[in-house]
Amino acid sequence: VSATVFLEFWKRRRAVLTYDWDLIDWEDEEEELRPQFEAKYSKLERVNPITGKPEPFQPFSDKLSRLMVSVSGIFFMISLVLTAVFAVVVYRLVAMEQFASFSVNFIKKYWQFATSGTGVCINFMIIMSLNVVYEKVAYLLTNLEHPRTDSEWENSFALKMFLFQFVNLNSSIFYIAFFLGRFAGRPGKYNRLFQRWRLEECHPSGCLIDLCLQMGVIMVLKQMWNNFMELGYPLLQNWWSRRKMKKGGHAVEHKITLPQWEKDWNLQPMNAHGLMEEYLEMVIQFGFTTIFVAAFPLAPLLALLNNIIEIRLDAYKFVTQWRRPMPARATDIGIWYGILEGIGVLAVITNAFVIAITSDYIPRFVYAFKYGPCLDEGYRHEKCLSGYVNSSLSVFDLSELGEGYTGYCRYRDYRAPPWSSNPL
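Note that the structure is a prediction, hence the values are computed from the model and not measured.

Thresholds, definitions, all that
Residues numbered from 1 in each chain as written. Predicted model: local features only at pLDDT ≥ 70, side-chain atom pairs only at ≥ 80, totals over all residues. Heavy atoms only, no water. Helix = DSSP H or I, 4+ residues; strand = E, 2+ residues; numbered from the N terminus. Rg over C-alpha atoms; globule rule 2.2 N^0.38 Å. Buried < 20%, exposed > 50% of the residue type's maximum accessible area, 1.4 Å probe, protein only. Contact = heavy atoms within 4.5 Å. Areas by Shrake-Rupley, 256 points an atom, 1.4 Å probe, with all protein chains shown as cover. Lys, Arg positive; Asp, Glu negative; His and termini not counted. Charge placed at Lys NZ, Arg CZ, Asp CG, Glu CD. Salt bridge = Lys/Arg side-chain N within 4 Å of Asp/Glu carboxyl O. Axes fitted to C-alpha atoms, helices over the stretch in contact; angles between N-to-C directions. Parallel < 35°, antiparallel > 145°, perpendicular 65-115°, else oblique. Left-handed = near helix turned anticlockwise from the far one by under 90°. Nonpolar A, V, L, I, M, F, W, Y, C, P; charged D, E, K, R; others polar. UniProt positions renumbered as here; feature names shortened; annotations may be inferred. Expected span 1.5 Å × (residues − 1). Phe/Tyr/Trp six-rings, centres within 6.5 Å; stacked < 30°, edge-to-face > 60°. Lys NZ or Arg CZ within 6 Å of the ring centre and 35° of its normal.

Novice: What exactly am I supposed to notice about the overall build of the protein here?
Specialist: Scanning the protein from N- to C-terminus turns up 14 helices and eight strands. Taking 424 residues into account, the globule formula puts the C-alpha radius of gyration at 22 Å, and the protein, at 28 Å, lies well above it. Its C-alpha atoms give the protein principal-axis dimensions of roughly 85 × 60 × 45 Å. Going through the 424 residues of the protein one by one, you find that 36% of them count as buried. Excluding contacts between residues fewer than 6 apart, the proportion of contacts in the protein whose partners are at least 24 apart in sequence is 64%. Surface exposure of the protein reaches about 26300 Å², of which carbon and sulfur atoms provide 63%. A gap of 7 Å separates the mean positions of the 43 positive and 42 negative side-chain charges of the protein.

Novice: Got a minute to help me understand the pattern of salt bridges in this structure?
Specialist: Oppositely charged side chains can form a pair if their charged atoms are brought close together. Counted by the stated rule, this structure contains nine salt bridges. Close ionic contact of E55 with R148 constitutes a salt bridge, the shortest N to O distance being 3.0 Å. With a gap of 93 residues between them, E55 in strand β2 (residues 54–56) and R148 in the loop between α5 (111–145) and α6 (150–178) connect regions that are remote in the sequence. Given a relative accessible area of 23%, R148 falls into the partly exposed group.

Novice: I would appreciate a short explanation of the environment of Y175 in the present structure.
Specialist: Of note, Y175 is situated in helix α6. With 89 residues separating them along the chain, Y175 and F86 place their C-alpha atoms 9.6 Å apart. Excluding residues within four positions of it along the chain, Y175 makes contact with V89 and L180.

Novice: Mind showing me how you'd approach the packing of α5 against α6 here?
Specialist: Between two packed helices, the angle of one axis relative to the other and the distance separating the axes together describe the packing. Running from N to C, α5 and α6 point in directions that differ by 155 degrees, and their axes come no closer than 9 Å. Comparing the axis directions of α5 and α6 gives the class roughly antiparallel. The handedness of the crossing between α5 and α6 comes out as right-handed. For the contact of α5 with α6, the class distribution of residues is 12 nonpolar, eight polar and three charged.

Novice: What exactly am I supposed to notice about the UniProt feature "transmembrane region" (unreviewed entry) in the protein here?
Specialist: UniProt tags residues 67–91, 111–134, 162–185, 206–225, 283–305 and 333–357 as "transmembrane region" (unreviewed entry). Counting secondary structure, residues 67–91 comes out at 100% helix and 0% strand; the distance between its end C-alpha atoms is 36 Å. Structurally, residues 162–185 is divided into 71% helix and 4% strand, and its ends, taken at the C-alpha atoms, are 36 Å apart.

Novice: Explain helix α10 (residues 276–290) here, please?
Specialist: Because the α-helix completes a turn every 3.6 residues, residues three or four places apart line up on one side. For α10, built from 15 residues, the straight-helix expectation of 21 Å at 1.5 Å per residue is met to within 8% by its first-to-last C-alpha distance of 21 Å. In terms of burial, α10 is a largely internal element, 12 of the 15 residues being buried. When we look at burial in α10, the residues that qualify are M276, E278, L280, E281, V283, I284, Q285, F286, G287, F288, T289 and T290.

Novice: Which parts of the structure should I look at to understand the packing of aromatic side chains?
Specialist: When we look at a pair of aromatic rings, we describe it by the centre distance and by the angle of the planes. Scanning all chains against the criterion turns up 18 aromatic pairs. For the pair F178 and F292, a centre-to-centre distance of 6.2 Å together with 40 degrees between the ring planes defines the contact as tilted. With a gap of 114 residues between them, F178 in helix α6 and F292 in the loop between α10 and α11 (299–321) connect regions that are remote in the sequence. Across the pair, exposure class does not vary: F178 and F292 are buried alike. For the ring pair F318 and W322, a centre distance of 5.4 Å and an interplane angle of 80 degrees mean the geometry is edge-to-face. Accessibility expressed as a relative area gives 27% for F318, which makes it partly exposed. Put simply, the rings of F174, F178, F292 and F353 pair up and form one aromatic cluster. Over the ring of W322 we find K317; its NZ or CZ atom is 4.5 Å from the centre of that ring.

Set out below in structure tokens:
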């Protein structure tokens, strides 16, 4: 609901800005062709049915083949992300056994939190390493397509960067939300990876704890890293430039007398892709605050605090660290609005699955209305959940292990007990 309300209010805000800047009747003039497109297809021309002038033409077969190569590259990079997630899963399985048998009692007692915490940190380092590769790959794949105009190039590049970043940041979160602990098995019949490591289970309090930890660490570290790259990196670059000028024989007194335009020229140029990184950061943040907000309700608050700080950091960056950007007219934010709408639809589906599958929300209601002490009264008080934990645990006979153990143990599942007529 919040995602839909946000998008509707943004459409109203966009209409106000379009009116204030007198862009209601403004239409983009016929965009000029990219020089790379003209150089590639200058020998293939056709008459434009609108202007009646000959122009370079890209055959459909050539466009389709290049598009297929680009899509194949995208799927390859996505598969690389999934491979990295699998590697982290294997690490968690190995670390789980090591932490459980650790000599330090504190780590041995909280081995699940230790496994999740170290796994999240390793996953974050992999995410940031792959982000460096993704931008270069997206740039190469977009140039390989040979888009006709600059706007087509920007839309294609933005879509690739969003897909790469989204899968990179959220693949491990989706794994924890919907796959962690689903295939672990049960006592006496545990599933093992490579016949060696037992598959990981959720924390006894539920999978939401692991999901909340994963989202919290990734979101906080990602925001801190983005703020450093937006302000700290230009500061270091400008400091290095001033240092080189000083070593080159430029005295401080002479530097003060430089004209303002020369001082501005010594600042860092704006990103060649314009505001693409700013849009991408906000869209990814929008995904964090909507897709799994049922599992991590603090995400909107963290996003708000980050944006309050980032407004001032961006103002300082644009005024003191970057050269003045070239202005450009636009009536909307382009392809980013369509991406936001897609995230809104995905958020509804994902939160529904989190409530239905990952959380105990529905099992609690089923117990309260059908099995609890308030069977005929409805769900009115906390006492209606009395006995819910006991009802959610199954019984296992330790003698079935065949290792000399006796007695019973309890585990989270819904199975008939060993003494029933049809044990499961």
